[in-house]
Amino acid sequence: MKIFKSMTILATVLGSLTWANELKVDANSSSLRWFASKVTGKHDGAVKVKSGSLKVVKGALQSGKVVLDMTTITVRDIENPEYNAKLVGHLNSPDFFEVDKFKSAVLLIESVKQVKGEDHTISGKLMIKGYTHPVNFPAKIKTDGESLTAQAKIEIDRTLWKIQYG
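In this text the structure is predicted, and so the values were computed from the model without any measurement.

Asker: Break down the overall build of the chain for me, citing the residues and quoting the values.
Answerer: Summing up its helical and strand segments, the chain has one helix and nine strands in all. Going from the N terminus to the C terminus, the chain shows its helices and strands as β-β-β-β-β-α-β-β-β-β. Residue burial in the chain is summarised as follows: out of 166 residues, 41% are buried. Restricting the contact set of the chain to residue pairs at least 6 apart, pairs at least 24 apart contribute 54%. Total accessible area on the chain stands at roughly 9,300 Å², and carbon and sulfur atoms take up 52% of it.

Put into structure tokens, the structure is as follows:
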């Protein structure tokens, strides 16, 4: 299999108010899709959100934490069950996410800057396989008093997290 150099992550996170300025991430309504490309093609799939919390001050997202359940990684673009299972197994292996050892990945949101309207820039840290690196990405964020919806596209160089074949 050729190396996937970059990965794109599309995430939708929904939160509901649990107390004053803390929103609990609704894991059942939140989703994460991943896209990876290689020299000979591309793949896409999903990972379930396990948990999280978001700090909101005066209706604006300030910081937060989103935990991903890496044991739920799926492949969406391969219909053949045998080939699909083979790629999922490979993604779970030490060559990629080493899921037996690292069952979760974590996004720590450290700052959020409003660009214009719903457009924001989020800065934080992404922890995968025991490696932590800074990330900055655009997001669309909507708040309505007791709930928050955020959609973001994060592009990473997966080799920084030692997610590489061979």
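Resuming the write-up.
Asker: Can you lay out the environment of Asp26 for me, pointing to particular residues and giving the numbers?
Answerer: Along the chain, Asp26 falls in the loop between strand 2 (22–25) and strand 3 (31–38). Here Asp26 falls in the partly exposed class, since its relative accessible area comes to 30%. Each C-alpha atom of the pair Asp26 and Ser51 lies 7.3 Å from the other, and the pair is 25 residues apart in sequence. There is a polar contact of 3.2 Å between the side chain of Asp26 and the backbone nitrogen of Asn28. Within polar-contact distance, the side chain of Asp26 engages the side chain of Ser29 at 3.1 Å.

What counts, and at which threshold
- Residues numbered from 1 in each chain as written.
- Predicted model: local features only at pLDDT ≥ 70, side-chain atom pairs only at ≥ 80, totals over all residues.
- Heavy atoms only, no water.
- Helix = DSSP H or I, 4+ residues; strand = E, 2+ residues; numbered from the N terminus.
- Buried < 20%, exposed > 50% of the residue type's maximum accessible area, 1.4 Å probe, protein only.
- Contact = heavy atoms within 4.5 Å.
- Areas by Shrake-Rupley, 256 points an atom, 1.4 Å probe, with all protein chains shown as cover.
- Polar contact = N/O pair within 3.5 Å; in protein donor to acceptor, adjacent residues only side chain to side chain.

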